[in-house]
Amino acid sequence: MKRVAAVDCGTNSIRLLVADLDPATGELKDLDRRMTIVRLGQGVDRTGRLAPEALERTFAACREYAGVIEDLGAEAVRFVATSASRDAENRDDFVRGVVDILGVEPEVITGDQEAEFSFTGATKELTGRTDLDVPYLVVDIGGGSTEFVLGSDAVRAARSVDIGCVRMTERHLVRDGRIIADPPGEEQINAIEADIARALDQAAETVPLPEARTLVGLAGSVTTVAAIALGLSEYDSAAIHHSRIPLDRVREITHRLLTTTHEERARIPAMHPGRVDVIAAGALVLLSVMERTGAAEVVVSEHDILDGIAWSCA
């Protein structure tokens, strides 16, 4: 067994996994798995820069994670940064801060690398399942981008496109840092749907979406929709992991999220406070993907890019 630490720093959240891995058996045993909403991508789509307050929130989480990594004695640490830090002009400030705190340089990976890690993390446990057909289409809906990966035992095709719950919210529902429509109106929803449709066209240029036989959905927008669909009184990772949510239920929940106010969404029992403003756009991305691919259901995975990063350490 090898003890490793993986950090995934995305546009909306930063997550830590410390785990014991056995490459011979494919076993991954969690020791600590946690997530912090830091909204690193705050304003990046508009300004092209990481905001000082967003950097400080991220560095505060890194300091917390450094303590956990030291206490558990991880042999190897890998820090992967995604969409927001790829796009920002001042990404060097981000890199220096992470090195100072954690002692490792964040790897600002490409969309294709991000997709490969997501596929490994999401599908490693599915190998040999007779109730799920291949190929899998793994869809990782992040804050700034969404990754599409098609494959069975290995990746056949992958594409990252610039739609995500934070990016769509900030582009269409926020002006000067303030929500302009709560709930969003028909004009705003149509604009988001048009952006998503264009992005799906881009993804389809590389990834043959109709060939997918099982849709596997990753990340907070998908798991939150699953928690609502399951009627959970609080977020329960074990109940959500590998749940199967039908298209009609996703459509119903998306409509609900798009037609309720911030206060109403915040009262949903399993809703993380940091997702209240962005969950409607994230759910709309998921629904659009299901409708485009003809998926009758989405298999929800709690294991994703973070697990793929951990496996890469082994």
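See the structure printed just above.
What you see is a predicted model, and the numbers here were worked out from it, not measured in a lab.

Our next topic: the sheet that holds strand 2 (residues 13-22). Reading across from one edge, 3-2-1-4-5 is the order of the five strands in this open sheet, with mixed pairing throughout. Each of the sheet's edge strands pairs with one partner strand only, and the pair in question is strand 3 (27-37) and strand 5 (107-108). Relative to strand 5, strand 4 (residues 76-81) runs parallel, the two sharing two bridges. From the neighbouring strand, Ala-81 faces strand 5, where its bridge partner is Val-108. Strands in contact with helix 2 (residues 52-72) are strand 1 (2-9), strand 2, strand 3 and strand 4; relative to strand 2, the strand with the most contacts, it is inclined by about 15°. Sheet contacts for helix 13 (residues 305-313): strand 1, strand 2, strand 3 and strand 4; angle to strand 1, the most-contacted strand, approximately 140°.

Right, let's get into the pattern of salt bridges. Per the stated rule, a full pass over the model turns up 24 salt bridges. A salt bridge links Arg-159 to Glu-205; the nearest nitrogen and oxygen atoms lie 3.7 Å apart. Linking Arg-159 in strand 8 (residues 155-161) with Glu-205 in helix 7 (residues 186-206), this pair joins segments that are 46 residues apart in sequence. On the basis of relative accessibility, which here comes to 23%, the residue Arg-159 falls in the partly exposed class.

Turning to the pairing of strand 2, a few remarks are in order. Burial of strand 2 is extensive: 10 of the 10 residues sit out of reach of the surface. Connecting strand 1 to the antiparallel partner strand 2 that follows it, the hairpin turn spans three residues. Pairing analysis gives 10 bridges linking strand 2 to strand 3, with the strands arranged antiparallel. Within the sheet, the bridge partner assigned to Ser-13 lies in strand 3 and is Ile-37.

What follows is about the pairing of strand 7 (residues 146-151). With six of six residues buried, strand 7 is to be regarded as a mostly interior element. Two strands pair when backbone bridges link them, and strand 6 (residues 136-141) and strand 7 are joined in this way by six bridges, in the antiparallel orientation. Along strand 7, the bridge assignment pairs Tyr-136 with Gly-151. Counting the residues in the hairpin turn of strand 6 and strand 7 gives four residues. Examined bridge by bridge, strand 7 and strand 8 share six bridges and lie antiparallel to one another. Looking across to strand 8, one finds that Thr-146 is bridged to Val-161.

Criteria and cut-off values
Residues numbered from 1 in each chain as written. Predicted model: local features only at pLDDT ≥ 70, side-chain atom pairs only at ≥ 80, totals over all residues. Heavy atoms only, no water. Pairing = 2+ DSSP bridges. Helix = DSSP H or I, 4+ residues; strand = E, 2+ residues; numbered from the N terminus. Contact = heavy atoms within 4.5 Å. Axes fitted to C-alpha atoms, helices over the stretch in contact; angles between N-to-C directions. Salt bridge = Lys/Arg side-chain N within 4 Å of Asp/Glu carboxyl O. Buried < 20%, exposed > 50% of the residue type's maximum accessible area, 1.4 Å probe, protein only.

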